[in-house]
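Structure assessment
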Amino acid sequence: MIPSRGSAVARRMVRDRSGVSGFALLALLFLLAFAGPLFTRWSWADTDFTAFRDPPSAAHWLGTTPSGRDVYALTVRGLQKSLLIGLTVATVSTGLAAVVGAFAGYLGGRTDRILMALVDLFLVLPAFLVIAVLSQSARGHGTLLLVVLLAGFLWMVTARVVRGMTRSLRGREYVLAARFMGVSAPRIVFRHLLPNLASLLIIDATLNVSAAIIAESALSYFGFGVQPPDSSLGTVIAAGSGAATTAPWLFVPAASLLVCVVLAVNLAGDGLRDALDAS
Amino acid sequence: MNALEVGDLRVRFGEVPAVRGVGFAVAPGEVLGLVGESGSGKSVTGLAVMGLLPARATVTGSVRLRGAELLGGTDRELSRVRGRDLAMIFQDPQSALTPVHRIGDQIAEAVRAHGGTTRSRAWRRALDLLDLVGVPDAARAARAYPHQFSGGMRQRVMIAMAVAHDPAVIIADEPTTALDVTVQAQVLEVLKTARQATGAAILMITHDLGVVAGLADRVLVMYAGRVVESGTAEEVFYRPRMPYTIGLLAATPLLDGGPPVPIPGGPPPSGALPPGCPFEPRCRYASAPCRTTEPSLTERAACHNPQRPQPRPAEGPGVRRTRSADVILQVTGLRRAYGAVQAVDGVDFEVRAGETLALVGESGCGKTTTLMEILALAAPQAGRIVVLGRDVSALPRQARQELRRDLQIVFQDPAAALDPRMRIADLLAEPLRAHGVAEPEVERRVCELLGLVGLDPDFAGRFPRGLSGGQRQRIGIARALALRPRLIVLDEPVSALDVSVQAGIMDLLATLQLNLGVAYLIVAHDLAVVRHLADRVAVMYLGRIAEIGSVEAVYGTPAHPYTRALLSAIPVPDPRLERGRSRVLLPGDPPGPARAPAGCRFRARCPLHTELGAADRERCAAEEPRLRPAGAGAGADQSVACHYSEGLIR
């Protein structure tokens, strides 16, 4: 029995120490985000009217905010939101960029012109304004819409890069070989072109994770995006950064978690890239 | 004093040895040929002598130029020597000239690089040098830019720059490998002139035994980083001792004589050499000591069991199969233009079941364009392509997809044609899956295909990167066979491979054709290879077929002056023959297809044309010759596109 390609990649992945630690860290963060709330009696929505802006104590592990909310509960809730937003936005936007760019580059002609016109259109739209307005009017539809909006404005530049690289891959002999063999265009894109752009796509996706988290926090800061009383890492950091020197507990935990998320994603991405590339 | 002395030269890249103790000396005016296959360490040796290796290479030993040690010198010290006493000619003249400066300025710069002359004197010297290397109209050529020059002309310029300071030593690393064969013949002549003019010692690094046979006084054969045989050209070519040299000579395809014999296996990876003789795993004569101790280079060969060359097996018993009546591919009046460039300009041929047709010609003759037009299975710009009785221009989508089953391709460079990210099993399964073969059947067929091309089934789980060039090309062939096609198109199937491996692939192709009855359409530039691969051959020049016929006829009684020139330009690995024979040297380069002249497109370079009377010449200029039977004395099915070919056959 021939071992499959997937298992070969997995084997190399397991052998790569930094990649494994990246995935492990990411798993820990997820565990903290979703199991973390179970360990405290405070929920992110609660307000403790006996403790305003208290430093960390036995009752409130990471202290409380000026309005009496538990920082631990808020941060963990924020981690949940940010992980979901960051990872899904990155996956959706990089995936979209890869598909649009690769099809435009491989098929060329009219498909190329139409898709690239679309890319240019999205590039000239003032993304921040559009997201702000739309997320305002679509209040209550939850995070999903926010993810779609953020991803919808992150993919264009990558799509252009992917298109360019696809155009140079298109003339490669192994792509020609597949074409002359009678392999269909979608198959060529997904089996030959995209895997050979994997390093670019993975780097792009890891960058997009932090870009999405930061974009979301910027939106939240201006009152769009995730709205109080709900929280994201961005909102916690934004709210706490003003008192960074006097009440560091407000913002240090959230900021370090953000650093951890970005670091974990980068390590995991590098590991994945090396595992895929080693062929 | 020797011009160049190299002693116990060793080069390592990290832990991997590339050169393992090479020593030689070259006298002034002498040509030393350094021969070997890829990975043998010959180019690294050349670069080490020049001091051009990257910093991560560890170099030990000694390199003495006119007695002065070069190794260990700083880059600044070496720069004083390089270009003045020690010059180098590289393989690729394309990238060796700066595109933004005029040719003359670049040569003048080389002249002035070591000081001492004024600008105007340097310019005059540049003109003299261009004259020396046979660039016509030097004064005008010096004002041209590199892109206006052909590859052959650029290589002449490189030689002019190399001899600018009357160097003591010229190192030429594959100087003609990137050139067409008729241009190669010219450039080799220029090298001989350059040697006479400067009295320099030449270190000629090449894989081409024919080039060495014509030029070198002495020859070193390298294998796995060491010299395994050394001697005068006559000794090495006529009385080789080392089984590797013997094998290499037997593996070289010839224009006459028996088929090439492959050396089994491939060279060992330089990181994992066997403990004994590195050639032992491939050697027929290996004995117990070969497995344990590496032989040192005694007088002639580094070998425990020196051998004598065997006579080449005679030509096969000549059972030419009768031509099938079943036409697989018919091309009529095919044309293809890219803008103003007429790449293919009216080509007709057919391929019948079970036979091999080769399209040969120099770069730009339109042979690859012809292939791509056929493979596209779409309506050509002009002309007709009929595959298995179906005109491809009016093919519905479904039928085109069906037809692809019967028409497969093998590319020149197996490394580029196999997706590096896919396992061998997936590569071989791809055409099967694309045509909807069921999964259990796919797996069975993959194993069967590996067996068919002589590879173990456990190759299935490996990636192309872990395979040698020959093994990769076997995978390429297996993939082409997957759907049991009727016709396989092969684009230079062996030209990217080492000589010792080439013959094995040629063998395989012949065996497969015999057993499976598949037809081949081959594009190749090497006429010696084609002779052993093809049944019929079509010689192309500037988008048209100059001559077509059976291999016996075209090689035996070439009717077109261009075919004759091509055949005579191929260097043969036989020093006496190579030095003794008179060449039909074609003037000039193959002109670009953009400037196809009226009348016969070959007449500007045609040696026959110059001998004709004025009235006959008129006809060449006015009337384009059509393919017509070559006539008395030629082969029965031989056709030629020349008005006056009768004078050539006797």
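Within each chain, residues carry numbers counting from 1 in the order of the written sequence. Chain labels run from A onward and ligand labels from 1 onward, assigned in the order the entries are written. Two thresholds apply to this predicted model, a pLDDT of at least 70 for residue-level local features and 80 or more for giving and counting side-chain atom pairs, whereas whole-chain, interface and lining totals are computed over all residues. Only hydrogens and water are set aside when side-chain values are computed; all heavy atoms of the structure are taken into account.

Runs of H or I in DSSP of at least four residues are treated as helices and runs of E of at least two as strands, each being numbered from the N terminus. Within chain A, the regular secondary structure consists of 12 helices and 0 strands. Going from N to C terminus, chain A has its helices and strands arranged as α-α-α-α-α-α-α-α-α-α-α-α. Its C-alpha atoms put chain A at 75 × 45 × 30 Å along the principal axes. Summary of the burial criterion: residues with accessible area below 20% of their type's maximum are buried, those above 50% are exposed, and those between are partly exposed, where the area comes from a 1.4 Å probe applied to protein chains only. Here chain A holds 279 residues, and 49% of them are scored as buried. In what follows, residue pairs with any heavy atoms lying within 4.5 Å of each other are defined as contacts. For chain A, long-range pairs separated by at least 24 residues make up 72% of all intrachain contacts whose partners lie at least 6 apart in sequence.

In this section: the packing of helix H4 (residues 103-112) of chain B against helix H5 (residues 119-132) of chain B. All names here are of chain B. Two elements in contact, H4 and H5, have axes whose closest approach is 8 Å; the angle formed by their N-to-C orientations is 110°. In terms of their interaxial angle, H4 and H5 are classed as roughly perpendicular. With respect to the hand of their crossing, H4 and H5 are arranged in right-handed fashion. Contact residues: Ile103, Gly104, Asp105, Ile107, Ala108, Val111 and Arg112 in H4; Arg119, Ala122, Trp123, Arg125, Ala126, Leu129 and Leu130 in H5. Residues are grouped as follows: Ala, Val, Leu, Ile, Met, Phe, Trp, Tyr, Cys and Pro are nonpolar; Asp, Glu, Lys and Arg are charged; every other residue, Gly included, is polar. Considering only residue class, the contact of H4 with H5 consists of 9 nonpolar, 1 polar and 4 charged. Convention adopted: a line fitted to C-alpha atoms gives each axis, helices being fitted over their contacting stretch, and angles between N-to-C directions are expressed from 0 to 180 degrees. Angle categories are assigned with fixed cut-offs, so that under 35 degrees is roughly parallel, over 145 is roughly antiparallel, 65 to 115 is roughly perpendicular, and the rest are oblique. Handedness of a crossing is defined here by the sense of rotation of the near helix relative to the far one, left-handed for an anticlockwise turn of less than a right angle and right-handed for a clockwise turn.

Residue and element names in this part refer to chain A. Residues form patches when they are more than 30% accessible in relative terms and have no salt bridge. Like charges link within 9 Å. Nonpolar side chains (Val, Leu, Ile, Met, Phe, Trp, Tyr) link within 5 Å. All accessible-area figures derive from a Shrake-Rupley calculation using a 1.4 Å probe, and residue coverage is judged against the displayed protein chains alone. Basic side-chain nitrogens of Lys or Arg form a salt bridge, by our definition, when they fall within 4 Å of a carboxyl oxygen of Asp or Glu. A surface patch of nonpolar side chains, about 660 Å² in accessible area, is lined by Leu118, Leu121, Leu123, Val124, Leu125, Val157, Val161 and Met165. For the nonpolar patch, the element with the highest residue contribution is helix H4 (residues 109-124), accounting for 4 residues. Position of Met165 relative to the elements: it lies in helix H7 (residues 156-170). Exposure remark for Met165: the relative accessible area of 34% places this residue in the partly exposed category.

On to the nonpolar core. Residue and element names in this part refer to chain B. Joining through side-chain atoms within 4.5 Å is the link that ties buried Ala, Val, Leu, Ile, Met, Phe, Trp, Tyr and Cys residues into a set, and such a set is a nonpolar core. In terms of nonpolar packing, the biggest core is built from 76 residues, with Leu450, Ile477 and Tyr555 touching the most fellow members. Among the elements that take part in this core, helix H16 (residues 424-434) stands out by supplying 6 residues, more than any other. The residues that make up this core include at least three from each of domain 2 (327-534) and domain 3 (562-648). Counting residues in hydrophobic clusters, the runner-up holds 69 residues, among them Ala142, Phe149, Ile170 and Tyr223. Here the bounds of each domain stem from an automatic or database domain assignment.

Time to look at the packing of aromatic side chains. All names here are of chain A. Stacked, edge-to-face and tilted are the three classes for Phe, Tyr and Trp ring pairs, Trp counted by its six-membered ring, which pair at centre distances within 6.5 Å; planes under 30 degrees apart are stacked, over 60 edge-to-face, the rest tilted. Evaluation of the coordinates by the stated rule reveals 10 aromatic pairs over all chains. Measuring from ring centre to ring centre gives 5.7 Å for Phe122 and Phe153, while their planes differ by 50°; the resulting arrangement is tilted. In this pair, Phe122 is assigned in helix H4 and Phe153 in the loop between helix H6 (143-152) and H7, connecting sequence segments 31 residues apart. Under the relative-accessibility criterion, Phe153 is labelled buried at 13%.

Moving on, we get to helix H3 (residues 71-107) of chain A. All names here are of chain A. Taking 1.5 Å of rise per residue, the 37 residues of H3 would be expected to cover 54 Å, and the 52 Å separating its terminal C-alpha atoms lies within 8% of that figure. Counted residue by residue, H3 has 28 buried out of 37 residues, so it is predominantly covered. N-cap assignment for H3: the residue whose side-chain oxygen lies 3.4 Å from the backbone N of Tyr72 is Asp70. A positive phi of about 65° marks Gly108, the residue just after H3. In this analysis, the expected span of each helix is defined as 1.5 Å times one less than the number of residues it contains. Whenever two N or O atoms come within 3.5 Å, that pair is a polar contact, provided that in protein one can donate a hydrogen and the other can accept it, and provided that, for residues adjacent in sequence, both atoms are side-chain atoms.

What follows deals with the layout of surface pockets. Residue and element names in this part refer to chain B. Both site types are read off a 1 Å grid over the protein atoms alone. A 1.4 Å probe that fits but cannot get out defines a cavity, while an open set with protein on both sides within 12 Å along at least five of seven lines defines a pocket; lining residues have an atom within 4 Å of a point. Grid points are joined across faces, edges and corners, and a volume is the space filled by probe spheres set on the points. Of the voids in this model, the second largest pocket is the one considered here, and its volume is about 990 Å³. In terms of lining, the second largest pocket is formed by 37 residues, of which the most central are Leu249, Ala250, Leu254, Arg312 and Pro573. For the lining of the second largest pocket, the secondary structure elements donating two or more residues are helix H10 (233-238), helix H11 (243-251) and helix H22 (561-569). By residue number, the principal contributor to the lining of the second largest pocket is H11, which donates 5 residues. A breakdown of the residues in the lining of the second largest pocket according to their chemical character gives 26 nonpolar, 4 polar and 7 charged.

Residues and elements named next belong to chain B. Along its sequence, chain B is organised into domain 1 (4-223), domain 2 (327-534) and domain 3 (562-648). Its C-alpha centre places domain 1 at a distance of 33 Å from the equivalent point of domain 3. At the junction of the two partners, domain 1 supplies 21 residues and domain 3 supplies 18 residues. Take the accessible area each of two parts loses on contact, using a 1.4 Å probe, and add the two losses: that sum is the buried area. Roughly 1300 Å² is buried in total at the junction of domain 1 and domain 3, and carbon and sulfur atoms are behind 61% of that figure. Inspection of the domain 1/domain 3 interface yields 3 residue pairs in polar contact (both at pLDDT 80 or more).

What follows deals with the interface of chain B and chain A. The accessible area lost on association of the parts is a frequent measure of interface size. Facing the 33 residues of chain B at the interface are 27 residues of chain A. At the boundary of chain B with chain A, the tally comes to 0 salt bridges. Between the two partners, chain B and chain A, sit 8 residue pairs in polar contact (both at pLDDT 80 or more). Put simply, the parts of the chain that give the side of chain B that touches chain A at least two residues each are helix H13 (367-376), helix H14 (397-404), strand E16 (407-410), helix H15 (414-417) and H16 of chain B. Along the lines of polarity and charge, the residues of the side of chain B that touches chain A split into 17 nonpolar, 5 polar and 11 charged.

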